[in-house]
Amino acid sequence: MSGLAVHMEGVGKDYRFFSLRDVHLEIPEGHIVGFIGPNGAGKSTTIRILMGLVHQDRGHVTVLGHPMPAEQAAAKRDVGFASEDMRLYDSVTLDWHMRFIRSIFPTWDETYAQTLLKRFDLRRDQRIKGLSHGQRVKATLLLVLARRPRLLILDEPTTGLDPVARHEVLRELSEVMGDDRRSILFSSHNTQDVEQISDQITFIDRGRIIDSRDKETFLDRWRRIRVELPSGIQLPSLSGVIDVKQTGRLAVATTNAYDPRLASAYESAGIRVHNIESMTLEEIFVANVQHSREGIQEGIEA
Amino acid sequence: MLSGIVISQTDRRPLYLQIMEQIKRRVAIGDWRAGQPIPSIRQLAVELNVSVITVKRAYLELEREGVITTQHGKGSMVAAHTDLGSRIQQQDLARHLEQAVQLAALLGLSTKELELRLREARHQMADAQKERS
């Protein structure tokens with residue numbers, strides 16, 4: 001059996017205006033996990049805890065089997081981390097950075113680094129100062145990918161990239177999929193990227209993980225059901241239906257626990273089911289956050 | 001071995017269904033022959049830039065439908081059926097009929113009326129073919 005690349009249990013961290021609460025997260029070896037949340041949801045705090053850059057107030061964290069933050073030096077040998085606020089040295093070249101990383105990490109793969117230079121359309125003798133934002137993002141990713149780390153932790157890896165560059169980056173991330181011992185955790189606003197390459201999706205909002213499961217289950221369980229009702233009837237509330245929009249005799253029900261029996265239940269109540277639609281990850285994400293916030297609201301009011 | 005499968009971003013169906021359909025088409029027209037090895041789950045995931053779990057789902061459903069078989073340690077291959085082409089066409093027909101029935105219900109057509117339309121469509125096709133020849 002393969003182990004866990006990341007294990008977080010009951011993890012919390014308090015700031016003055018924000019708390020990360022009771023985070024559970026498991027990433028099996030060989031899995032790609034998309035970490036999705038609105039701005040300020042706690043994605044970066046979670047990632048920083050995994051990297052030992054922030055120490056949790058509560059809970060247990062292990063990365064590649066090493067307890068964090070106690071064994072962070074050992075863990076980081078095999079972890080590649082890239083985030084938006086990472087700075088390269090402006091006054092030196094990309095080549096300088098490549099030689100620097102190579103001198104620290106014995107796993108550096110020079111041949112792969114050469115390939116990445118070509119694919120990312122970068123020049124190694126160019127100073128960082130002269131690079132565009134997108135080129136800096138790609139340079140940072142190159143420095144991480146060429147080490148071939150067992151765990152990649154990427155904070156918004158495709159933000160600010162043009163479509164061609166985004167495609168190139170996704171392609172390099174899928175290279176990692178070819179090896180069942182390598183794992184990726186990446187946060188993103190771009191649900192399309194996440195939907196395409198993730199095995200597991202984790203949604204975070206307001207410091208809590210609101211949902212986490214394998215992607216196929218997510219896409220399977222969320223459905224929009226369009227129905228036509230006999231006049232003068234309200235759509236009966238069925239369990240698993242989290243939202244209903246009705247105008248006149250037409251209604252749209254959203255469910256997060258779809259089962260064909262749901263449609264037959266409507267039909268046996270004389271309701272005609274017009275269409276059962278699957279939803280994109282973005283639609284699921286928005287509905288999920290709204291549903292979770294309403295639930296918390298009701299809990300407070302009750 | 002490259003599959004040549006191309007994923008569509010505008011196709012609203014789940015990715016695994018797209019992969020299934022394109023593999024079935026390759027099998028139906030004989031590009032992928034019975035018993036021929038096909039890419040492993042991870043190979044296809046890397047080629048298509050889609051997650052391993054999505055390809056795994058497609059392969060599991062294809063196995064269930066008898067299109068491919070997977071042997072532990074040997075990988076996946078096209079199943080040894082000879083009638084696969086016609087079976088896939090049968091499934092296509094069933095799907096189109098289902099859609100026709102749904103549309104007929106929307107239009108409020110009775111079963112008799114729908115039958116009539118089906119006969120008309122057949123006659124029209126036959127006439128068009130006669131004119132061409």
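Our structure is the block above this text.
Residues numbered from 1 in each chain as written. Chains lettered and ligands numbered in written order. Predicted model: local features only at pLDDT ≥ 70, side-chain atom pairs only at ≥ 80, totals over all residues. Heavy atoms only, no water.

Caption draft 1: Just the packing of helix α4 (residues 110-119) of chain A against helix α6 (residues 163-177) of chain A, in detail. All names here are of chain A. Where α4 meets α6, the axes come as close as 11 Å, and the angle between the chain directions of the two elements is 155°. By the criterion of interaxial angle, the relationship of α4 to α6 is roughly antiparallel. The chirality of how α4 crosses α6 is right-handed. Each of Y112, L116 and R119 in α4 lies in contact with α6, whose residues at this interface are E168, R171 and E172. A class-by-class count of the residues in the contact of α4 with α6 yields 2 nonpolar, no polar and 4 charged. (Axes fitted to C-alpha atoms, helices over the stretch in contact; angles between N-to-C directions. Helix = DSSP H or I, 4+ residues; strand = E, 2+ residues; numbered from the N terminus. Parallel < 35°, antiparallel > 145°, perpendicular 65-115°, else oblique. Left-handed = near helix turned anticlockwise from the far one by under 90°. Contact = heavy atoms within 4.5 Å. Nonpolar A, V, L, I, M, F, W, Y, C, P; charged D, E, K, R; others polar.)

Caption draft 2: Focus on the environment of G66 of chain B. Residue and element names in this part refer to chain B. Position of G66 among the secondary structure elements: in the loop between α3 (52-64) and β1 (68-71). Using a relative accessible area of 18% as the deciding quantity, one classes G66 as buried. Linking G66 and E98, residues 32 residues apart in sequence, is a C-alpha distance of 22 Å. (Buried < 20%, exposed > 50% of the residue type's maximum accessible area, 1.4 Å probe, protein only.)

Caption draft 3: Expanded view of the interface of chain B and chain A. Listed as interface residues are 18 residues of chain B and, on the opposing side, 25 residues of chain A. Approximately 1700 Å² of surface area, both sides summed, lies buried where chain B meets chain A, with 47% of it carried by carbon and sulfur atoms. Considering only the side of chain B, the residues that lose the most area to chain A are R42, N49 and I53 of chain B, jointly responsible for 36% of the buried surface there. Viewed at the interface, chain A and chain B are joined by 2 salt bridges. (Buried area = accessible area lost by both parts, 1.4 Å probe. Salt bridge = Lys/Arg side-chain N within 4 Å of Asp/Glu carboxyl O.)

Caption draft 4: Spotlight on the layout of surface pockets. Considering only enclosed or pocket space, the largest pocket measures out at about 1600 Å³ in volume. Surrounding the largest pocket, 41 residues form its lining, R13, L17, R95, E98 and Q99 of chain B being those nearest its centre. Elements that contribute at least two residues to the lining of the largest pocket include exactly α8 (215-221), α9 (260-268) and β14 (272-278) of chain A together with α1 (15-28), α3 and α4 (84-107) of chain B. Broken down by class, the residue content of the lining of the largest pocket amounts to 15 nonpolar, 8 polar and 18 charged. Surrounding the second largest pocket, 32 residues form its lining, Q192 and Q196 of chain A together with S8, Q9 and L15 of chain B being those nearest its centre. Elements that contribute at least two residues to the lining of the second largest pocket include exactly α6, α7 (191-197) and α8 of chain A together with α1 and α2 (41-48) of chain B. When residues in the lining of the second largest pocket are grouped by element, the largest group, 5 residues, is from α7 of chain A. Classifying every residue of the lining of the second largest pocket gives 11 nonpolar, 12 polar and 9 charged. (1 Å grid on protein atoms, 1.4 Å probe; cavity = no way out; pocket = protein on both sides within 12 Å on 5 of 7 lines; lining within 4 Å. Points joined across faces, edges and corners; volume = space filled by probe spheres on them.)

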